Amino acid sequence: MAHSASSKLGVAIVTGASSGIGAVYAERLARRGYDLVLVARREDRLQRIAADLRDRFQVRAEALVADLSEPGGVSAVADRISGDPSVTLLVNNAGFSALKPLTETPDEVIVRMIALNVTALTALSKAALVAFKARGAGVLINIGSGAGFAPYPGIPVYGATKAYVYLFTQSLQSEAEATAVRIQLVLPGAVISEGWDVAGGAELDPLPDSIVMTTEDCVDAALAGLDQGERVTAPSLQDASGLRDYEAMAGTLLQAMFDGKPAPRYGLGA
Ligand SMILES: NC(=O)c1ccc[n+]([C@@H]2O[C@H](COP(=O)([O-])OP(=O)(O)OC[C@H]3O[C@@H](n4cnc5c(N)ncnc54)[C@H](OP(=O)(O)O)[C@@H]3O)[C@@H](O)[C@H]2O)c1
């Protein structure tokens, strides 16, 4: 631990900070002056990143080694959020994908993916919302994906976990409406990271350069969106009106789904 004084901005916890998007969040938040708690399974990487952040930005930075697909790992991070009043920001970023049809995806991978992408994100969001409401301030950032909007071949479980993040985070935003807690949903498109190797993407034809973003651009755009007060930030979506129209249509459909009479097309009318 560096001998720096604690940050006025408080402590940011970033899950999945040992590589990719999470590592860039950690760097950018340290640059802004946050102290950091870096969460992932690979301790060597976390320690190296923490040392680098302490050196370069004179912030406190520490590793919290946790497997968030296990209840014990989730509790360790939830306890830190609840028990440390200096925690002011959580980035729920840890997640993984497997590029395989469901029938070829091992059961154990499905269980771990849902545990990490859905269960851990839900539990840590709750811990953050409870703690931040009690403290009268706090920022929660949940990382979803553009892949959560429609079925895409080869990612049946991953796409569905990200659809969950979309709906869940928007519900939380409503729940936090009248509070001082800020919740941002970030929806990256395709971003260069080790996540593609984890998913087995190395076997795929490379995606065209024109649709792939760097981790730095993704996180910088996401933080710009946060600064601008956006609730939903899609770094690579060029025309944001599509997202607004989608949300409006989803709201209309939700209303329309509830009616006591079967629709006339089913021929059950008198
Ligand atoms: N890359 C993309 O194209 C893209 C697009 C949209 C959304 N996303 C989302 O962005 C987030 C970050 O992905 P990335 O692309 O940056 O992938 P990445 O480079 O593979 O990073 C994933 C991070 O999650 C951590 N992690 C994985 N399993 C974990 C577990 N069980 N417990 C704790 N930490 C775990 C990894 O660390 P350890 O292995 O050390 O645990 C790593 O730090 C994910 O939620 C992903 O779904 C990515």
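Structure report, in brief. (Residues numbered from 1 in each chain as written. Predicted model: local features only at pLDDT ≥ 70, side-chain atom pairs only at ≥ 80, totals over all residues. Heavy atoms only, no water.)

## Thoughts on the site of the ligand
Alright, step 1. The immediate surroundings of the ligand are formed by 30 residues, with Arg41, Arg42, Asn93, Tyr158 and Ser193 found nearest.
Alright, step 2. Note that an oxygen atom of the ligand is positioned 2.7 Å from one of the side-chain N or O atoms of Arg42.
Alright, step 3. Here the ligand loses 94% of its free accessible area of 880 Å² to cover by the protein chains.
Alright, step 4. Those elements that provide at least two residues to the shell around the ligand are helix H1 (20-32), helix H5 (156-175), strand S7 (190-191) and helix H6 (195-198).
Alright, step 5. Of the residues contributing to the shell around the ligand, the split by class is 13 nonpolar, twelve polar and five charged. (Near = heavy atom within 4 Å. Polar contact = N/O pair within 3.5 Å; in protein donor to acceptor, adjacent residues only side chain to side chain. Areas by Shrake-Rupley, 256 points an atom, 1.4 Å probe, with all protein chains shown as cover. Helix = DSSP H or I, 4+ residues; strand = E, 2+ residues; numbered from the N terminus. Nonpolar A, V, L, I, M, F, W, Y, C, P; charged D, E, K, R; others polar.)

## A closer look at the sheet that holds strand S9 (residues 232-233)
Alright, step 1. Strand order in the open sheet formed by seven strands is S3-S2-S1-S4-S5-S6-S9, with parallel pairing between adjacent strands. Each edge of the open sheet carries a strand with a single partner, namely strand S3 (61-65) and S9.
Alright, step 2. Pairing of strand S4 (residues 87-92) with strand S5 (residues 138-143), which is carried by four bridges, proceeds in the parallel orientation. Within S5, the residue paired with Leu90 across the bridge is Leu140.
Alright, step 3. Relative to strand S6 (residues 181-186), helix H7 (residues 215-227) is tilted by about 145°, and along the sheet it contacts S5, S6 and S9. (Pairing = 2+ DSSP bridges. Contact = heavy atoms within 4.5 Å. Axes fitted to C-alpha atoms, helices over the stretch in contact; angles between N-to-C directions.)

## What to know about H7
Alright, step 1. Between its terminal C-alpha atoms H7 stretches 18 Å, which fits the 18 Å expected from 13 residues at 1.5 Å a residue.
Alright, step 2. Restricting attention to buried positions, one finds in H7 the residues Thr215, Cys218, Val219, Ala222, Leu223, Gly225 and Leu226. Within H7, the buried residues cover an arc of 155° as seen down the axis, which keeps them to one side.
Alright, step 3. In this structure, the buried side of H7 is in contact with H1, S5, S6, S7, strand S8 (212-213) and S9. (Expected span 1.5 Å × (residues − 1). Buried < 20%, exposed > 50% of the residue type's maximum accessible area, 1.4 Å probe, protein only. Arc of directions from axis to C-beta.)

## Let's talk about the side chain of Glu27
Alright, step 1. Residue placement: Glu27 occurs in helix H1.
Alright, step 2. For Glu27, a relative accessible area of 10% translates into the label buried.
Alright, step 3. Ignoring any residue separated from it by four or fewer positions in sequence, one finds Glu27 in contact with Leu53, Arg56 and Phe57.

## Remarks on the nonpolar core
Alright, step 1. Counting residues in each nonpolar core, the largest one holds 43 residues, and the members touching the most others are Ile13, Val39, Leu68, Val77, Ile81 and Leu124.
Alright, step 2. Within the residue set of this core, elements represented by two or more residues are strand S1 (11-15), strand S2 (35-40), helix H3 (71-83), S4, helix H4 (107-135), H5 and S6.
Alright, step 3. No other element matches H4, which puts twelve residues into this core.
Alright, step 4. Leaving out residues up to four positions away in the same chain, Leu68 has contacts with Thr15, Val39, Gly73, Val74, Val77, Ala94, Ala115, Leu116, Ala120 and Leu124.
Alright, step 5. Within the second largest apolar cluster, 34 residues are counted, among which are Ile21, Val139, Cys218 and Val219. (Core = buried A, V, L, I, M, F, W, Y, C linked by side-chain atoms within 4.5 Å.)

## Describing the packing of aromatic side chains
Alright, step 1. All chains considered together, the criterion is met by four aromatic pairs.
Alright, step 2. When the ring of Phe149 is compared with that of Tyr166, the centres are 5.2 Å apart and the planes differ by 65°; the resulting orientation is edge-to-face. Here Tyr166 lies in helix H5 and Phe149 lies in the loop between S5 and H5, a separation of 17 residues in the sequence.
Alright, step 3. A relative accessible area of 29% means that Phe149 is categorised as partly exposed. (Phe/Tyr/Trp six-rings, centres within 6.5 Å; stacked < 30°, edge-to-face > 60°.)

## Comments concerning a nonpolar patch on the surface
Alright, step 1. A cluster of nonpolar residues, Met249, Leu253, Leu254, Met257 and Phe258, forms a patch on the protein surface that exposes about 580 Å² of accessible area.
Alright, step 2. Position of Leu254 among the secondary structure elements: in helix H8 (residues 241-256). (Patch = residues over 30% accessible without salt bridge, like charges linked within 9 Å, V, L, I, M, F, W, Y side chains within 5 Å. Salt bridge = Lys/Arg side-chain N within 4 Å of Asp/Glu carboxyl O.)

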